[in-house]
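Observations on chain architecture
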Amino acid sequence: MASQDQNVSADAMKTLLLSVGSQVKNLRKERGLTLAALSETTGLSPAIVSQIERGLANPSFSTLVQIAHGLDIPVGRFFATNEVPPSPVVRKHERQNFTRVSREAVGDAVYEQLTPDLNGALEAHWVVSPPGHDTSATPFRHIGEELGIILSGKQDVYLDGVRYTVEAGDSIRYSSELPHWYVNAYDEDCVSIWVSTPPSW
């Protein structure tokens, strides 16, 4: 059973989905994109994009990433708050944790932002991918460059269809413009840190 710490209330979830939907709609219009154009860019159906814009869908984390990349923004922007300017230090208990958005949105994986905001030249995330975690259904592709460092466990990183198995102590760097996805086909969590520039998550 998920703890209260892992999930937001139904009312808070509704508010969040409406906020994300409003941002998607406003950004799409700012860029002069039709629903069909954003759909083509993201690979999502116009119906799904429309439901998200109206706050009627609880999109998966991968879907949010696709939309963010289609709008050329970091996915973290959807969850940004208007708090006071952040300290350069991010305490462990203060990390922006996408797991708290909803278990449906990220599955059993953990995505925590290690950088204080999205205003710098790079961003970093703490990622925990459980056994069976697989993003191959929605490959990522966006501008920039990424670096991953595996702290424990191992997983497969696919770059344009080529598999690279990385394990504790290994690192991998690649152009984010290559279609890339991640699969943990092993029997333990993979804990890793991912850095990307410019901010794209």
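Placed above this text is the structure.
Just so it is clear, the model here is predicted, and its values are computed rather than measured. (Residues numbered from 1 in each chain as written. Predicted model: local features only at pLDDT ≥ 70, side-chain atom pairs only at ≥ 80, totals over all residues. Heavy atoms only, no water.)

1. Structural notes on the overall build of the chain
Keep this limit in mind: Secondary structure elements follow DSSP: runs of H or I of four or more residues count as helices, runs of E of two or more count as strands, with numbering from the N terminus. Contact between two residues is taken to exist if any of their heavy atoms lie within 4.5 Å; hydrogens are not considered. Note on areas: Shrake-Rupley with a 1.4 Å probe; residue coverage comes only from the protein chains shown.
Scanning the chain for helices and strands turns up five helices and nine strands. Secondary structure elements of the chain, listed N to C terminal, follow the sequence α-α-α-α-β-α-β-β-β-β-β-β-β-β. Within the chain, contacts between residues separated by at least 24 positions form 66% of all contacts whose residues are at least 6 apart in sequence. Counting only carbon and sulfur atoms, one obtains 51% of the accessible surface of the chain, whose full area is about 10500 Å².

2. Considering the environment of Trp194
Using the following cut-off: Partly exposed residues are those whose accessible area sits between 20% and 50% of the maximum for their type, while under 20% is buried and over 50% is exposed, using a 1.4 Å probe and protein chains only. Here a polar contact is taken to be a pair of N or O atoms separated by no more than 3.5 Å, where protein atoms must pair a possible hydrogen donor with a possible acceptor and residues adjacent in sequence count only if both atoms sit in side chains.
Mapped onto the fold, Trp194 is located in strand β9 (residues 190-197). What makes Trp194 buried here is its relative accessible area of 8%. With 44 residues separating them along the chain, Trp194 and Ile150 place their C-alpha atoms 8.8 Å apart. Among the polar contacts listed, one links the side chain of Trp194 to the side chain of Ser192, at a separation of 2.7 Å.

3. Points about the sheet that holds strand β8 (residues 180-183)
What counts, and what does not: Should DSSP find at least two bridges between two strands, the strands are taken to pair. Every angle, taken between N-to-C directions, lies between 0 and 180 degrees, and every axis is a line fitted to C-alpha atoms, over only the stretch in contact when it is a helix.
Spatially, three strands are ordered β6-β5-β8 in an open sheet, and the strand pairing comes out antiparallel. Edge strands, defined here as strands with exactly one partner in the open sheet, are β6 (162-167) and β8. Within the sheet, the average angular offset between the axes of one strand and its neighbour, ignoring direction, is 25°. Direction of pairing for strand β5 (residues 154-159) relative to β8: antiparallel, over a ladder of four bridges. Directly across from Tyr158, in β8, lies its bridge partner Trp181.

4. Quick look at the sheet that holds strand β4 (residues 145-152)
Taken in spatial order, the six strands make up an open sheet running β1-β2-β3-β9-β4-β7, and their pairing is antiparallel. Pairing within the sheet leaves two strands with one partner each, and these edge strands are β1 (96-97) and β7 (171-175). Summarising the sheet, β4 and β7 pair through five bridges and their orientation is antiparallel. When the bridges of β7 are listed, Glu145 appears paired with Ser175.

5. Re the nonpolar core
Let me state the cut-off plainly: Residues belong to a common nonpolar core when they are buried Ala, Val, Leu, Ile, Met, Phe, Trp, Tyr or Cys residues joined through side-chain atoms within 4.5 Å.
Of all hydrophobic cores here, the largest spans 32 residues; its most connected members are Val24, Val75, Phe78, Val157 and Trp194. Elements that contribute at least two residues to this core include exactly α1 (10-30), α3 (46-53), α4 (61-70), β5, β7 and β9. With five residues, α4 is the largest single contributor of residues to this core. When near neighbours in sequence (up to four residues on either side) are disregarded, Phe78 contacts Val20, Gln23, Val24, Leu64, Ile67, Ala68 and Ile73.

6. Structural notes on the packing of aromatic side chains
Applicable threshold: Aromatic pairs are defined between Phe, Tyr and Trp rings, using the six-membered ring for Trp, whenever the two ring centres lie within 6.5 Å; interplanar angles under 30 degrees are classed as stacked, those over 60 as edge-to-face, and all others as tilted.
Applying the stated criterion across every chain, the model contains four aromatic pairs. Seen in terms of ring centroids, Phe140 and Tyr182 are 6.1 Å apart; in terms of plane orientation they differ by 40°. Their pairing is tilted. Pair noted here: Phe140 is in the loop between β3 (123-129) and β4 and Tyr182 is in strand β8, with a separation of 42 residues, a long-range link. Pair check on accessibility: Phe140 and Tyr182 agree, each one buried. On the numbers, 5.3 Å between centres and 10° between planes, the contact of Tyr158 with Trp181 is stacked.

7. Overview of α3
Condition: The arc in question is traced by the directions running from the helix axis to the C-beta atoms.
Here α3 has its buried residues at Val49, Ser50, Ile52 and Glu53. Buried residues along α3 cover an arc of 160° about the axis, so they all sit on one side.

8. Here's the deal with the pattern of salt bridges
For clarity, the cut-off: One side-chain nitrogen of Lys or Arg within 4 Å of one carboxyl oxygen of Asp or Glu is enough to make a salt bridge.
Scanning all chains against the criterion turns up four salt bridges. Glu53 is the salt-bridge partner of Arg28, the closest N and O atoms lying 2.5 Å from each other. Of this pair, Arg28 sits in helix α1 while Glu53 sits in helix α3, placing them 25 residues apart in sequence. Grouping residues by exposure puts Arg28 and Glu53 together as buried. Note that Arg173 and Glu145 form a salt bridge whose closest N and O atoms lie 3.9 Å from each other. Residue Arg173 is located in strand β7, and its partner Glu145 is located in strand β4; the two are separated by 28 residues in the primary sequence. For Arg173, a relative accessible area of 62% gives the class exposed.

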